[in-house]
Amino acid sequence: FFLFFNFNVRKEHLWSSLLHCTIHYDPDTTEPISCSLKSLDELLSWKRNEASPFNVATVPLASRYPPLHSCPRRTLVSHDMMGGYLEDRFIQGAEMETPYAFYHWEYIDIFNYFSHQMITIPPAVWTNAAHKHGVLSIGTFITEWTDGAKTCEAFLADEESYRATADKLVQISHCYGFDGWLINIENVLSETAVKNTGPFLRYLTDQVHERVPGSVVIWYDSVLKNGSLKWQNELNDDNRMFFDACDGIFTNYNWTEQSLEWMKSYSAAQGRFADIYVGVDVFARGKVVGGKFETNKALELIRKYEFSTAIFAPGWVYECHEKADFRQNQDKFWNLLSAFVYIHRPSYSLPFISSFCQGFGKSMYWRGQVEMKRSWFNLHAQEIQPLYLSEDLNNGGWLRTRGCSEDAWIGGSSLMVEGMIPSGLSEVCARYWSFCVHWSTKNFNQTPSFCPFVGYFLSTFPWPPRHLYLLSTSHQWGCFLLKMIGCSLREVCIRVSRDEGDENVSFNCRIGEIMLLDAESLEAPLQSVEGICVNDVVWHTGALKGDGHTLKVLLNVTLRWQYPTQQVRHFWIYWRHLRGPDPRIPPGPLTLIGRSYSTLYRVAELEVPAAPGLIELVVEPVSREGFKVPETQWGRRTLSYSA
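Every value quoted in this text rests on a predicted model; they were computed, and no experiment measured them. (Residues numbered from 1 in each chain as written. Predicted model: local features only at pLDDT ≥ 70, side-chain atom pairs only at ≥ 80, totals over all residues. Heavy atoms only, no water.)

Chemist: How should I be thinking about the overall build of the protein chain in this particular structure?
Modeler: A count of helical and extended segments in the protein chain gives eleven helices and 32 strands. A burial count over the protein chain gives 55% of its 643 residues as buried. Element-wise, carbon and sulfur atoms account for 50% of the exposed surface of the protein chain, whose accessible area totals about 27600 Å². (Helix = DSSP H or I, 4+ residues; strand = E, 2+ residues; numbered from the N terminus. Buried < 20%, exposed > 50% of the residue type's maximum accessible area, 1.4 Å probe, protein only. Areas by Shrake-Rupley, 256 points an atom, 1.4 Å probe, with all protein chains shown as cover.)

In structure tokens:
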């Protein structure tokens, strides 16, 4: 595969001509980024063939119990993190010491990516993380103040205009794989505009339901039926018309208990309590109930009246506290809310695998060894999360599960289980997973592993087993083989017992990975990487540091390939030098460039030997179970270039 470029051509010319839409790429490095649309013109001119392939969510929405439609008290989180599109905009990850991430997915039903840009498209990293846990991911359509009023006059002028706008919103959510919209109109509407708002909402809701199964459209409480801007902090006759036209309402934050009492008896709310998301501002701005570390007080009242809740800006634990204490404060915040939220059970089929990685870390680990020793952040790497619980026991005992980035098996963190066995108890039991894993008439193999294999224990059970026990000790690997029929696994616990004595005993244990494998599927042949190709090539040169005369050559290129992604954990991307102008120099070794979590990767700013040259780009699939894929099945593509 030969590519010849003139290095004297300006970088800017190549950049604009080779890439469809530069807003989807960092202008300095060409790394793929997520971004919003900032105007109605941008929305109406949006074309699917110019959409960013990198920002398409690749993880299907997992099923969970209870499903959203039958959950009587739902929890929506609107993340509103410092304007959005921070380090999370870098789709292939960023180097960051203390990033913000969310990992208490078992408590929530809907994740709303919020910013004050007009059309906020959730970054694929967030949608993929949400979908792994059965949580919907929705974007935001917002208009505000004077400019917002002008926009509304345009798109709500008539049926043709509002349908054109709704159609584009539906196309965008369908293209990028997220699950609907929060509609936030915070400006005055004219008589014509407000008359068309209800039909706009109804049309948008119907269309997105048809194109995106399970999707939702939620209205924010701000505008009244007469078009005036006046937050009601409740559902009432003045905003009911909008609620009736979509899937729910997100109320403003300054409600009182009297507001909740009124809504409980309001005729329009009957049968739809779950569709009323009572807003809670975690920053506690204005006259509100709770907020900050007293947000639980607001949720206690909301649940008393059987409503859903919308928790706005839980990133307060990150923005207003020491970044180094982020995990501790986030765990504290959600533990205080745990009595007022459902613990959902995501439903999975085999294989089920998780290394507890939260999507960031101080180092990147692979099988207990440091692969990359620097801080990193990439929510694509976040694996299915366990329960993070804190429990007080009698006689001063306690239990806690938390993420730990000081050591890991794969990714950036392990699960730390710690506590104290109090006097009077011989053992304690910590539940760290609540889910539903189904298997049929097949062998079933469970292999939790944290340390390298140096031994194993085989346990036998009465039939059918009431409890499944895994025997393991530090630096050992355990396995058991069962044959199960029509069963499902609901909880995973770890039991810690004392050897002898009756004094208080403290303990801690890191768990690196859990694998629930279908033994028969392990015999399935590994696939080969197919159809690898390159496009969107950008070359440019720059002076070497300390040398104003010698030029370095930098390559930017997009790799695409075909592979069944359900079989892999990730892909490793390598390069090597095959041939240059001096034939005496032998081919170089494979050098790791990065990881990809889909069949797409942007190589950015790769320094290659001076022209003429021949290099090879290599894609290695990493199986979910950790099996080595033979090199003969890796994907390879060579690039030849000259000056």
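Now that the structure is up, let's keep going.
Chemist: What should I look at first to understand helix α8 (residues 257-265) in this one?
Modeler: Because each turn of an α-helix spans 3.6 residues, side chains separated by three or four positions in sequence point in the same direction. Among the residues making up α8, those that are buried are Ser259, Leu260 and Met263. All buried residues of α8 fall inside an arc of 95 degrees around its axis, so they share one side. Facing away from the buried surface of α8 by more than 90 degrees, the exposed residues are Gln258 and Ser265. The inward-facing, buried residues of α8 abut β9 (276-281) and α9 (295-304). (Arc of directions from axis to C-beta. Contact = heavy atoms within 4.5 Å.)

Chemist: What exactly am I supposed to notice about the sheet that holds strand β24 (residues 505-511) here?
Modeler: Strand pairing in a sheet relies on backbone hydrogen bonds. The paired strands run either parallel or antiparallel. Here we have four strands laid out as an open sheet, ordered β17-β18-β19-β24, and antiparallel in their pairing. The open sheet has two free edges, formed respectively by β17 (390-392) and β24, since each of these has just one partner strand. In this sheet, adjacent strand axes meet at a mean angle of 15 degrees when their direction is disregarded. Pairing of β17 with strand β18 (residues 398-404), which is carried by three bridges, proceeds in the antiparallel orientation. The residue of β18 that forms the bridge with Glu391 is Leu399. (Pairing = 2+ DSSP bridges. Axes fitted to C-alpha atoms, helices over the stretch in contact; angles between N-to-C directions.)

Chemist: Would you take a moment to explain the packing of aromatic side chains for this structure?
Modeler: Each aromatic ring pair is summarised here by two numbers: the centre-to-centre distance and the angle between the ring planes. One pass over the structure, following the stated rule, counts 37 aromatic pairs. Relative to Tyr388, the ring of Tyr103 lies with its centre 5.1 Å away and its plane at 70 degrees, an arrangement referred to as edge-to-face. Here the residue Tyr103 occupies a position in the loop between β2 (75-78) and β3 (110-112), and Tyr388 occupies one in the loop between β16 (376-377) and β17, the gap between them amounting to 285 residues. Its guanidinium or amino end placed over the ring of Phe243, Arg272 lies 3.8 Å from that ring's centre, counting from NZ or CZ. (Phe/Tyr/Trp six-rings, centres within 6.5 Å; stacked < 30°, edge-to-face > 60°. Lys NZ or Arg CZ within 6 Å of the ring centre and 35° of its normal.)

Chemist: Which parts of the structure should I look at to understand the pairing of β18?
Modeler: Consecutive side chains of a regular strand alternate in pointing toward one face of the sheet and then the other. Connecting the antiparallel pair β17 and β18 is a turn made up of five residues, with Asn395 showing a positive phi of about 60 degrees. In this structure, β18 lies alongside strand β19 (residues 414-421), joined through seven bridges in antiparallel fashion. Residue pairing in the sheet places Gly403 in a bridge with Leu415 of β19.

Chemist: How should the pairing of strand β5 (residues 136-144) be read in this particular structure?
Modeler: Summarising burial for β5: eight of the nine residues are buried, a large majority. For β3 and β5, the ladder comprises three bridges, and the chain directions are parallel. Across the sheet, the residue bridging to Ile110 is Leu136, located in β5. Pairing analysis gives two bridges linking strand β4 (residues 119-120) to β5, with the strands arranged antiparallel. Opposite Thr120, over in β5, you have Thr140 as the bridge partner. The pairing of β5 with strand β6 (residues 180-186) spans six bridges and is parallel. Bridge pairing links Phe141 to Ile183 in β6.

Chemist: Can you walk me through unusual backbone geometry in this structure?
Modeler: Of note, the bond from Leu350 into Pro351 is cis; its omega dihedral lies within 30 degrees of zero at 0 degrees. Residue position: Pro351 is located in the loop between β11 (345-349) and β12 (352-354). A cis amide bond links Ala611 with the next residue in sequence, Pro612, at an omega value of 0 degrees. Phi is positive for Asn395, close to 60 degrees, though the residue is something other than glycine. Following the sequence through the fold, Asn395 ends up in the loop between β17 and β18. Under the relative-accessibility criterion, Asn395 is labelled exposed at 56%. The phi dihedral of Asp536 falls on the positive side, at around 50 degrees, and the residue is not glycine. Considering the arrangement of structural elements, one finds Asp536 in strand β26 (residues 530-543). Judged by its relative accessible area of 13%, Asp536 is buried.

Chemist: Help me understand the packing of α9 against helix α11 (residues 326-337), please; the structure alone is not making it clear to me.
Modeler: What describes two packed helices is the angle between their axes and the distance between those same axes. Contact geometry of α9 with α11 gives a least axis separation of 8 Å together with a crossing angle of 25 degrees. Here α9 lies roughly parallel to α11, going by the angle between them. Here α9 runs over α11; the crossing is right-handed. Residues Thr295, Asn296 and Leu299 of α9 pack against Phe333, Leu336 and Leu337 of α11. (Parallel < 35°, antiparallel > 145°, perpendicular 65-115°, else oblique. Left-handed = near helix turned anticlockwise from the far one by under 90°.)

Chemist: Before we go on, may I ask you to explain the sheet that holds strand β32 (residues 635-641) in this structure?
Modeler: The four strands lie next to each other as β29-β28-β31-β32, forming an open sheet whose pairing is antiparallel. Edge positions in the open sheet fall to β29 (591-596) and β32, since each of these has one partner strand only. Across the sheet, the axes of successive neighbouring strands diverge by a mean angle of 20 degrees, strand direction being ignored. Bridge analysis of strand β31 (residues 613-623) against β32 gives seven bridges, and the strand direction is antiparallel. Residue Glu616 lies in a different strand from β32, and its bridge partner there is Thr638.

Chemist: Is there a simple way to explain helix α3 (residues 124-132) in this structure?
Modeler: With nine of nine residues buried, α3 is to be regarded as a mostly interior element. Among the structural elements, β3, β5 and β11 are those in contact with the buried residues of α3.

Just geometry here; none of it tells us what the structure is for.
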